[in-house]
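# Analysis of the macromolecular model
Chain by chain, the residues:
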Amino acid sequence: MNHYETVFILNPVLSEDQIKETVKKYEDFLVSNGAKMVSKEDWGLKKLAYPIQNKKSGFYHLFEYTVEGEVINTLEVEFRRDERFMRYLTVALDKHAISWAERRRVKLKAKA
């Protein structure tokens, strides 16, 4: 099982219910394919550095999870098929990135 982090940007014209439904759908997709969710973050509506699909903002979300590598391809195919996604990026985390993510989560919990 490899450790991954996926950040994705959802279309800003979606309602809050549509966003929650989309995030839940892909979280369920990962779990049904054997993923163990480590962390899930909603970063909210952010301004983009440059326009994407003539939009100047988007809803950012982050998933951190462990799963077999083959699942990543099917996840990204699903992202490409869904018009609600503007961009996405999945990276495999090494031991240093995993420890940094853990420290970041602890710091966020302390803030809250």
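Residues numbered from 1 in each chain as written. Predicted model: local features only at pLDDT ≥ 70, side-chain atom pairs only at ≥ 80, totals over all residues. Heavy atoms only, no water.

In the nomenclature of an unreviewed UniProt entry, the protein corresponds to Small ribosomal subunit protein bS6 from the organism Mariniflexile litorale. Looking at the protein in UniProt, the text filed under Sequence similarities (unreviewed entry) is "Belongs to the bacterial ribosomal protein bS6 family." Recorded in UniProt under Function (unreviewed entry), the annotation for the protein is "Binds together with bS18 to 16S ribosomal RNA." (UniProt positions renumbered as here; feature names shortened; annotations may be inferred.)

### Considerations on the packing of aromatic side chains
Two numbers describe a pair of aromatic rings. These are the distance of the centres and the angle of the planes. Overall, the coordinates contain nine aromatic pairs when judged by the stated rule. Three or more aromatic residues joined by ring pairs form one cluster here, namely F8, Y26, F63, F79, F85 and Y88. (Phe/Tyr/Trp six-rings, centres within 6.5 Å; stacked < 30°, edge-to-face > 60°.)

### Remarks on unusual backbone geometry
A positive phi angle, near 55°, is found at Q53, a position not held by glycine. Assignment of secondary structure puts Q53 in the loop between β2 (36-52) and β3 (55-67). Although it is not a glycine, N54 adopts a positive phi angle of roughly 60°. With respect to the helices, strands and loops of the structure, N54 is situated in the loop between β2 and β3. (Helix = DSSP H or I, 4+ residues; strand = E, 2+ residues; numbered from the N terminus.)

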